[in-house]
Amino acid sequence: RMHLWGLVGVAVLAALGYVGWQWWLGPSIAVEVLQRQDVVQTMVASGHVQSPHRTDVSAQVTGRVVAIPVVEGQWVRQGQTLIELDSSEAQANHQQARANVGQAQVNVRQLHELRLPVAEQTWLQAQANLKVAEQSLARSQTLLDKGFVGASARDDAQRGVDVAQAQWRIAAHQRQSLLPGGSDLAATQSALQVAQAAEASAAARLRYSRIAAPVDGVLIARTVEPGDGVQPGKVLMVLSPKADMQLVLQIDEKNLHLLRLNQAAVASADAYPDQKFDAVLVYINPRVDPLRGSVEVKLAVPKPPAYLQQDMTVSVDLAVARRPQSLWVAQTAVQGAGQGAVPGAAPGPAWVWVVRDQRAQRQNITLGLSHQGRAEVLTGLADGDWLVQSPLPTLHDGARVRAVPR
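All residue numbers here refer to positions counted from 1 along the written sequence of the relevant chain. Local features in a predicted model are, by the rule used here, given only for residues with pLDDT of at least 70; side-chain atom pairs are given and counted only at 80 or more, and totals for whole chains, interfaces and linings are based on all residues. Heavy atoms throughout the structure, all of them, feed into the side-chain values; hydrogens and water do not.

### As for the overall build of the protein chain
Then, number 1: Per the convention used, a helix needs a DSSP run of H or I reaching at least four residues, while a strand needs a run of E reaching at least two, with both numbered from the N terminus. Regarding its fold elements, the protein chain presents four helices and 20 strands.
Then, number 2: Burial here depends on accessible area, computed with a 1.4 Å probe over protein chains only, as a share of the maximum for the residue type. Under 20% is buried, over 50% is exposed, and the range in between is partly exposed. Looking at the protein chain residue by residue over its 406 residues, the buried ones come to 35%.
Then, number 3: Counting only contacts in the protein chain whose residues sit at least 6 apart along the sequence, the fraction spanning at least 24 positions is 74%. In this analysis, two residues are considered to be in contact whenever any of their non-hydrogen atoms come within 4.5 Å of each other.

### Here's the deal with the layout of surface pockets
Then, number 1: Residues are said to line a cavity or pocket when one of their atoms sits within 4 Å of a point; the points come from a 1 Å grid over protein atoms alone, cavities being sets where a 1.4 Å probe fits but cannot get out and pockets being open sets with protein on both sides within 12 Å along at least five of seven lines. Grid points are joined across faces, edges and corners, and a volume is the space filled by probe spheres set on the points. If you add up the space inside the second largest pocket, you get close to 230 Å³.
Then, number 2: Elements supplying a minimum of two residues to the lining of the second largest pocket: strand S4 (63–67) and helix H2 (88–146).
Then, number 3: Residues were grouped as follows: Ala, Val, Leu, Ile, Met, Phe, Trp, Tyr, Cys and Pro as nonpolar; Asp, Glu, Lys and Arg as charged; and all remaining residues, including Gly, as polar. For the lining of the second largest pocket, the class distribution of residues is three nonpolar, six polar and four charged.

### Points about the pattern of salt bridges
Then, number 1: By definition, a salt bridge exists where a carboxyl oxygen of Asp or Glu is found within 4 Å of a side-chain nitrogen of Lys or Arg. In this structure the tally under the stated criterion is 10 salt bridges.
Then, number 2: Note that Asp184 and Arg115 form a salt bridge whose closest N and O atoms lie 2.9 Å from each other. On the criterion of sequence distance, the pair formed by Asp184 in helix H4 (residues 183–208) and Arg115 in helix H2 is long-range, its members being 69 residues apart.
Then, number 3: Linking Arg356 and Asp385 is a salt bridge whose minimum nitrogen-to-oxygen distance equals 3.5 Å. Note that Arg356 is positioned in strand S16 (residues 349–356) and Asp385 in the loop between strand S18 (374–379) and strand S19 (386–388), a separation of 29 residues in sequence.
Then, number 4: Assessed through its relative accessible area of 26%, Arg356 is described here as partly exposed.

### Details of the pairing of strand S14 (residues 294–300)
Residues in a regular strand project their side chains so that they alternate between the two faces of the sheet.
Then, number 1: Taken together, the seven bridges between strand S11 (residues 246–252) and S14 define a ladder with antiparallel strand orientation. Bridge pairing in S14 links Val248 to Lys298.
Then, number 2: At least two bridges found by DSSP between two strands is the condition for calling them paired. Summarising the sheet, strand S13 (residues 272–289) and S14 pair through six bridges and their orientation is antiparallel. Considered in S14, the bridge of Ile284 is made with Val297.
Then, number 3: Hairpin connection from S13 to S14: four residues lie between these consecutive antiparallel strands, with Gly293 at a positive phi of about 65°.

### As for the sheet that holds strand S5 (residues 75–76)
The strands making up a sheet associate through hydrogen bonds between their backbones, and the pairing can be parallel or antiparallel.
Then, number 1: Here four strands make up an open sheet; going across it, the order is S3-S10-S8-S5 and the pairing antiparallel. Single-partner strands in this sheet number two, and they are strand S3 (55–58) and S5.
Then, number 2: For S5 and strand S8 (residues 217–222), the ladder comprises two bridges, and the chain directions are antiparallel. By the bridge assignment, Trp75 is partnered in S8 with Val218.

### As for the nonpolar core
Then, number 1: In plain words, nonpolar cores are sets of buried Ala, Val, Leu, Ile, Met, Phe, Trp, Tyr and Cys residues tied together by side-chain atoms within 4.5 Å. By size, the foremost hydrophobic cluster in this structure holds 25 residues, and its most contacted members are Leu247, Leu299 and Val316.
Then, number 2: Within the residue set of this core, elements represented by two or more residues are strand S2 (37–50), S11, strand S12 (264–269), S13, S14 and strand S15 (313–330).
Then, number 3: Here the element with the most residues in this core is S15; it accounts for four residues.
Then, number 4: Beyond its immediate stretch of four places on either side in the chain, Val316 contacts Met43, Val44, Ala45, Leu247, Leu249, Ala265, Val266, Ala267 and Leu299.
Then, number 5: Formed by 18 residues, the second largest nonpolar core is a distinct cluster that contains Val61, Val70, Val76 and Ile211.

### A short note on the sheet that holds strand S7 (residues 210–212)
Then, number 1: Reading across from one edge, S7-S6-S4-S9 is the order of the four strands in this open sheet, with antiparallel pairing throughout. Here the strands that pair on one side only, and so sit at the sheet edges, are S7 and strand S9 (229–230).
Then, number 2: For strand S6 (residues 81–85) and S7, the ladder comprises three bridges, and the chain directions are antiparallel. Each bridged residue has a counterpart across the sheet, and for Thr81 the counterpart in S7 is Ala212.

### Here's the deal with H2
Then, number 1: Given the number of residues in a helix, its expected span is that number minus one, multiplied by 1.5 Å. Compared with an ideal rise of 1.5 Å per residue, which puts 59 residues at 87 Å, H2 spans 84 Å between its outermost C-alpha atoms and is within 8% of the ideal.
Then, number 2: Consider a residue and the seven residues that end there alongside the seven that start there; fitting an axis to each set, the bend is the angle between those axes. Its axis deflected by about 45° at Leu111, H2 carries its strongest bend there.
Then, number 3: Backbone geometry just after H2 places Gly147 at a positive phi near 85°.

### A word on the confidence of the model for the protein chain
Then, number 1: Residue-level pLDDT values for the protein chain average 83, and 89% of them are 70 or greater.
Then, number 2: The secondary-structure element of the protein chain with the lowest mean pLDDT is helix H1 (residues 2–25), recorded at 49, while S6 shows the highest, at 93.
Then, number 3: Note: pLDDT gives the predictor's confidence per residue, expressed from 0 to 100. Confidence drops under a pLDDT of 50 for residues 14–24, and excluding neighbours within four residues, the segment shows two contacts in the predicted structure.

### As for H4
Then, number 1: Under the 1.5 Å per step criterion, the end-to-end length of H4 is 37 Å for 26 residues, consistent within 8% with the ideal 38 Å.
Then, number 2: All buried positions along H4 are accounted for by Leu185, Thr188, Leu192, Ala195, Ala202, Ala203 and Ala204.
Then, number 3: Close packing links the buried residues of H4 with H2 and helix H3 (151–178).

### Quick word on unusual backbone geometry
Working note: non-glycine residues mostly have negative phi, and peptide bonds are mostly trans.
Then, number 1: With phi around 55°, Asp357 is a residue other than glycine that occupies positive phi space.
Then, number 2: Look at Asp357 and you get exposed, because its relative accessible area is 74%.
Then, number 3: At Gln358, a residue that is not glycine, the phi angle is positive and equals roughly 60°.
Then, number 4: By secondary structure assignment, the location of Gln358 is in the loop between S16 and strand S17 (359–371).

### Here we look at the environment of Leu137
Then, number 1: Relative to the helices and strands, Leu137 is located in helix H2.
Then, number 2: For Leu137 and Asp156, which are 19 residues apart along the polypeptide, the C-alpha to C-alpha distance reads 8.4 Å.
Then, number 3: Those residues in contact with Leu137 that lie beyond four places of it in its chain are Arg154, Ala157, Gln158 and Val161.

### Concerning the side chain of Ser294
Then, number 1: Examined against the element boundaries, Ser294 turns out to sit in strand S14.
Then, number 2: Classification of Ser294 as buried rests on a relative accessible area of 7%.
Then, number 3: Counted as a polar contact is a pair of N or O atoms within 3.5 Å, where, for protein atoms, one must be capable of donating a hydrogen and the other of accepting one, and residues adjacent in sequence contribute only when both atoms are in side chains. Side-chain polar atoms of Ser294 contact the side chain of Gln250, separated by 2.9 Å.
Then, number 4: For Ser294, the residues in contact, after removing those within four places along its chain, are Gln250, Ile251, Asp252, Glu253, Val288 and Asp289.

What follows is the structure, encoded as structure tokens:
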């Protein structure tokens, strides 16, 4: 029995010694071994795909749709037929206008090949007749002076000269009107120009009966069907031209101070979440939407994937800040006024618990950015420090603790 009590006493003493040893070592406490690392602060937002430009397609003449050889979502080339209008009347008008041009051209040829040569000959004949009449008058005057003829003969010769001069003047005017600068030539050429302009107008109206794609692009909308009547100016189709895609996002205005042009981003379409592609911030709207409290931003996609389509919903991780080789701690470990610091906040008084030489020490720190539940430490800590993750309520400065690294 004495031996049994001796064993019990030894066990009690051992237990008391272990408890005392544990008490002397202090409570176990989880710590994080700090290490410098490169950290990229990102902002997550959703938006949609948008082409920088859209082209409205409309008719230029009134007509009835007879065919639409394309469908929505189809890629079309510049000049490809999108809509065909009834062109029977336009074709008839064009043929008539071409016939009028042909007639006007014939009139010009007749002027040069027939009317002008005839006028030249008539003028020469009138000139010759005038010369003969003038010679006859001179002879009559001579005979009258010598008394061989009477005054009536000289008067007849004078009337002959007057008639020949009138005929010569008429022939000269007719000839002049057919030469360059003349009225007949100008009228004939003007008639040809009018006919050619009418033919060009008729040809244009005939071309307008075929509505073609003004640029390369994807047909993203259409509001017309075969048999519909169309009016000039009414939008019938919408094309998204071939261009670099853009991602349009709405960012909360409180994050405006984080945005900078040329910031890099990684995006994915909601339809293909596992396929990432790069984007770059290229536009920040200077105006804040007062209703939504947001700012519109646009990101360029240098190499858009083939599946990316107009108006797709996308998710974007925008890199708004980079901190190479910096120290970061869990925000739950930060005590004091600095707790809960937000990105961009001015550094303020804050402190954490660290373990040095198996004792807890209160360490003042200065905070920088915060990101995803962690805070950047600008001053107060060093690489390799043991940071207390979840401080005990009873922890005090200088308390002996047993650090358990995690």
